[in-house]
Amino acid sequence: MIDMLMWLCIFSSPILICILVRKKSVRFKAWLAAFIISWVVMAITVLALWLGYDLYLSYKLELLDNDGDGSWSNKEMETWTEEDHNTMKRYFGDGGRNVFAVFIFPIFSLVYSLLVTAMYWLIANKIRKNV
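Below you will find a few notes about this structure. Please read these numbers as outputs of a predicted model, since none were measured by experiment.

### A few points about the nonpolar core
Move 1: Core analysis: the largest hydrophobic core is formed by eight residues, namely I17, C18, V21, A30, W31, A34, F35 and W121.
Move 2: The set of elements that each furnish at least two residues to this core consists of α1 (2-22) and α2 (28-63).
Move 3: With four residues, α2 is the largest single contributor of residues to this core.
Move 4: In contact with C18, not counting residues within four places along its chain, are A34, T117, Y120 and W121.
Move 5: I10, V46, A101 and F105 belong to the second-largest nonpolar core, a separate cluster that totals five residues.

### Points about the packing of α2 against helix α5 (residues 95-130)
Move 1: The N-to-C vectors of α2 and α5 enclose an angle of 155 degrees; their axes lie 8 Å apart at closest approach. Here α5 runs roughly antiparallel to α2, going by the angle between their axes. Handedness of the crossing formed by α2 with α5: right-handed.
Move 2: Here the residues of the contact of α2 with α5 sort into 21 nonpolar, five polar and two charged.

Rules behind the numbers
Residues numbered from 1 in each chain as written. Predicted model: local features only at pLDDT ≥ 70, side-chain atom pairs only at ≥ 80, totals over all residues. Heavy atoms only, no water. Core = buried A, V, L, I, M, F, W, Y, C linked by side-chain atoms within 4.5 Å. Buried < 20%, exposed > 50% of the residue type's maximum accessible area, 1.4 Å probe, protein only. Helix = DSSP H or I, 4+ residues; strand = E, 2+ residues; numbered from the N terminus. Contact = heavy atoms within 4.5 Å. Axes fitted to C-alpha atoms, helices over the stretch in contact; angles between N-to-C directions. Parallel < 35°, antiparallel > 145°, perpendicular 65-115°, else oblique. Left-handed = near helix turned anticlockwise from the far one by under 90°. Nonpolar A, V, L, I, M, F, W, Y, C, P; charged D, E, K, R; others polar.

Written out as structure tokens, the structure reads:
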């Protein structure tokens, strides 16, 4: 449920930013500012979430090294719980999460912000002219 709320906030940020920027100006520079701000907010939010989760998993993996030598011996691995094994799998086996957060989402957020801010600006201008 929290994930859905988080993604809802991320994907609604261009609209909220357009509303805030449009209160000050309706010119092209204002649209460009709204577009750039929404793109940066979306990309930085996902990168921060990715980094936070990556640091959390790193911390959990450090706790699995009982003797502190920097590696896991077979004896240490035998004491791990199922959750510990899953943490290790999530950290090492989830390259897609890394690629998505670092490379794909910034491009996706650029396109998404461009489309949403442009549509918002066009619809708002049309409504303003009709009133």
